[in-house]
Structures are given as structure tokens and as C-alpha cells.
Amino acid sequence: MLREEERKEYLRPKLTEFGMALGRGFLPPEDPLTELPTDFKFLDQFGNDIPNLIESGKIVETVKSLPTPSVANLESLDRRERDRAMMIYHFGQSAVVKSTTSPSVIIPRQLAVPAFWLSNAFGKPPILSYCSYALNNWKRVDPAQDIVLDNLELLQNFVRVYDEDWFILPHVAIERQAADVIESGVLACQLALVRNDR
């Protein structure tokens, strides 16, 4: 039987290989950022305004007034900053699509260009995925406490109705709880390999 420290030492590099961390399942290795660097404050503000822009019908008009960051600016972002920027850009794209009555929707370049670049950097399609919608869209109310439902808040919404939070946040809590299952699965695979060698 592996002692706890041995278990952690064995699992840590295996999980890191897949961008995972002990005790977090498919949640990012560190808690998501709640704001971007100064050059991207406009994007934080836009993300905060999305529910009001949808409600007022001004989402497309506002998107067209956003600055389009250069590739150099996007490249300057670290992993967590890119995750946050991608989340907001993808929420913005979905908001434009859902707010447009025309049968053919064109995403304004102010969203499309950075969303496409960020998605390519992560090897993902340029759409709002589970990764941005849930895995990177939460914060702890009390950072010293665990990742449990009572201690979570959503970072980005489409609407200002708490129902949306309760649709997404249980996924975050479940992902955290599933970490034990993933880690046990990795250990079980290793034990099967070892026993098959005998």
C-alpha cells in the first residue's frame, strides 16, 4: 500500500503531463484569475457588461467599439490570463450570436480575431466550450476554504439571474470531487501494468 506522500510523488508528474494538478481533477492547476492586466482592462469591463448589453440589445454595437489587441499583446499573456481572455471573448461571441435575429451572423473582428488566436494557442475550436463556460469560470468566496459549492461564485454570466450560477457551479464542485476518482484510476492502471509484468 502506498503511503500518502509516495502516492502524491507518483501522481504529480503523471497529472502534470496532462495539465492537471493533485486534488483538482480537470479544474485548472490554479484558481482562475478574476481580472486581466492593465492592457486588457477593457475586456474585463466588457465581460462585466455582457448581461446588460444583451438585455439592452447593444451587444453588437458595443463589440464593434472594442479595441482589437495585437498578436504581440495576446502573446504577452500568461496561461491563466489567456484562459480568462478566451472565456470573455467566447462569452461575447455567443452573446452576439444569440442576440442577432439575422439568419446569417457575422462575429465582429474585435471578438473573432482574438478569440480565434487564443483558441488556436490552446488547440481548441473558437467557440464557448465547457473549459471556458465552467472549468475556468469560478472563484472561491473564501480562498482559504476548499472548492465546494457553498464557497463558489461565477466569474462570467450571460444574465444576472442566479439560476445561471446554479446551472454551472455544480459542475465545478463535481470536477473537484472527481479528482479522487481520476487519481485512483491512474494508480489502478499502474498497478495493472506492474501485475501484468509478473
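What you are looking at is a predicted structure, and each value in this text was computed from that prediction instead of being measured.

*Asks:* How would you explain helix α2 (residues 41–56) if you had to name every residue and give the values?
*Replies:* The terminal C-alpha atoms of α2 lie 22 Å apart, and with 16 residues this matches the ideal 22 Å at 1.5 Å per residue to within 8%. Its maximal kink placed at Asp49, α2 deviates by approximately 50°, while the proline Pro51 follows within four residues. Taken as a whole, α2 has its buried residues at Leu43, Asp44, Phe46, Gly47, Ile50, Pro51 and Leu53. Of the residues one or two after α2, Gly57 is the one with positive phi, at around 75°.

*Asks:* Lay out the pattern of salt bridges in plain terms, naming residues and giving numbers.
*Replies:* Under the counting rule described, the total for this entry stands at nine salt bridges. With a closest N to O distance of 3.7 Å, Lys41 and Glu35 form a salt bridge. The shortest N-O distance in the salt bridge between Lys41 and Asp44 comes to 3.9 Å. Placement of both Lys41 and Asp44 in helix α2 is noted, with a separation of three residues, approximately one turn of the helix.

*Asks:* Could you give an account of the layout of surface pockets, with specific residues and numbers?
*Replies:* Taken as a whole, the largest pocket spans an internal volume of roughly 350 Å³. As for the largest pocket, its lining consists of 19 residues, of which Gly19, Phe26, Pro28, Pro29 and Arg79 are closest to the centre. Elements represented by at least two residues in the lining of the largest pocket include exactly α5 (79–99) and α7 (130–135). In terms of residues, the lining of the largest pocket owes the most to one element, α5, which gives three residues. Class assignment for the residues of the lining of the largest pocket results in ten nonpolar, three polar and six charged.

The rules behind the values
- Residues numbered from 1 in each chain as written.
- Predicted model: local features only at pLDDT ≥ 70, side-chain atom pairs only at ≥ 80, totals over all residues.
- Heavy atoms only, no water.
- Helix = DSSP H or I, 4+ residues; strand = E, 2+ residues; numbered from the N terminus.
- Expected span 1.5 Å × (residues − 1).
- Bend = angle between axes of the 7 residues up to and from the residue.
- Buried < 20%, exposed > 50% of the residue type's maximum accessible area, 1.4 Å probe, protein only.
- Salt bridge = Lys/Arg side-chain N within 4 Å of Asp/Glu carboxyl O.
- 1 Å grid on protein atoms, 1.4 Å probe; cavity = no way out; pocket = protein on both sides within 12 Å on 5 of 7 lines; lining within 4 Å.
- Points joined across faces, edges and corners; volume = space filled by probe spheres on them.
- Nonpolar A, V, L, I, M, F, W, Y, C, P; charged D, E, K, R; others polar.

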